[in-house]
Structures are given as C-alpha cells and as structure tokens.
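# Descriptive structure summary
Given next are the chains, with one letter for each unit.
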Amino acid sequence: QQPGMTGQVKEEILTRWGELGIVVEDGRLRFSPRLLHQAEFFPSAQRFPYLDVQNREKSWELPANSLGFTYCQLPVGYQLADAASILVERADGTQETVHGNALGVDDSVAVFTRRGRISRLTVLVPRTDLRP
C-alpha cells in the first residue's frame, strides 16, 4: 500500500498545472494557459478562500470573468483580457505591472521560496489564447 498521494492523484495535479499553463523557464515563472477553456472562468464575482504562506486563512474577491488558484501558497487570479500582463501585489503595499506573461527571476524566486514578499498575482489572460 502506497502512503500519501496515489500516482493517479499526482498525475491529475500535474495535468491541471499544465492546463493552467504554469511553466518555469530559465528561473522565471511563466503563465501561458492555452489549454484552458473560456467556460472555466466564473461569469460573476466569486470569493476565493486560501491559506497564505504563514498558513493564515485569507480570502480574495475575484471579479467576474476570472478564476483563482494558489501556487506555492501564493494566490493567483486569472482574468480575461485583451493583452497579457501580470499585476504583482507586494506585501509592502506596492504594485508593479509586468507586461507579458512571465515574472522576472527575482520575483519568481520570491514565489518559489515562499518568502511572503509578494502577496498575490493577477494574471491578465488574452481571450484569444484560450479554447472556446
């Protein structure tokens, strides 16, 4: 008997990461969800509960036409848009918009190491990149 997750559960998790388009290239976290369907985005606003990197219960009100998940305990919201960009919200209250679909190396490392320096990411996903 195998302890922990079964192979099928692990495979389903990896498949979902692939559908969400999460890739690490050259130390940079990239979001390219070309296997997602537009129907997977909520048509109305939704409350998204999650645990932050300090294991505190939090929630995020996601707007219509979005979906949420966590990656390394960091909340990530995908929102339908016309062009790709990432809004990086930092724990110190500052924000930065990254044009394109990849974080820089420093921000990617902050996500991977769960430092808590970044509080959440809003990834704008071009509708044309999704399946109908």
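Above this note sits the structure.
From a predicted model like this one, the values you see are computed outputs, not experimental measurements.

Applying the stated criterion across every chain yields a total of three aromatic pairs. Ring centres of Phe31 and Tyr78 lie 6.1 Å apart, and the angle between their planes is 90°; this geometry places the pair in the edge-to-face category. Here Phe31 is found in strand S2 (residues 28–31), whereas its partner Tyr78 is found in strand S6 (residues 74–81), with 47 residues between them in sequence. The pair formed by Phe31 and Tyr78 is uniform in burial state, with each residue classed as buried. Ring geometry for Phe48 against Tyr50: centres 5.8 Å apart, planes inclined by 25°, an arrangement best described as stacked.

This part covers the pattern of salt bridges. Taken as a whole and assessed by the stated rule, the structure comprises nine salt bridges. If you follow the salt bridges from partner to partner, you end up with Arg90, Glu96, Asp107 and Arg117 in one network.

This brings us to empty space enclosed by the protein. The final tally for this structure, using the stated rule, is one cavity of 30 Å³ or more. The space that makes up the largest cavity amounts to roughly 60 Å³. Residue lining of the largest cavity: Val53, Cys72, Leu74, Ala110, Val111, Arg114, Arg115, Gly116, Arg117 and Ile118, and that is the complete set. Taken together, the residues of the lining of the largest cavity sort by class into six nonpolar, one polar and three charged.

The rules behind the values
- Residues numbered from 1 in each chain as written.
- Predicted model: local features only at pLDDT ≥ 70, side-chain atom pairs only at ≥ 80, totals over all residues.
- Heavy atoms only, no water.
- Phe/Tyr/Trp six-rings, centres within 6.5 Å; stacked < 30°, edge-to-face > 60°.
- Helix = DSSP H or I, 4+ residues; strand = E, 2+ residues; numbered from the N terminus.
- Buried < 20%, exposed > 50% of the residue type's maximum accessible area, 1.4 Å probe, protein only.
- Salt bridge = Lys/Arg side-chain N within 4 Å of Asp/Glu carboxyl O.
- 1 Å grid on protein atoms, 1.4 Å probe; cavity = no way out; pocket = protein on both sides within 12 Å on 5 of 7 lines; lining within 4 Å.
- Points joined across faces, edges and corners; volume = space filled by probe spheres on them.
- Nonpolar A, V, L, I, M, F, W, Y, C, P; charged D, E, K, R; others polar.

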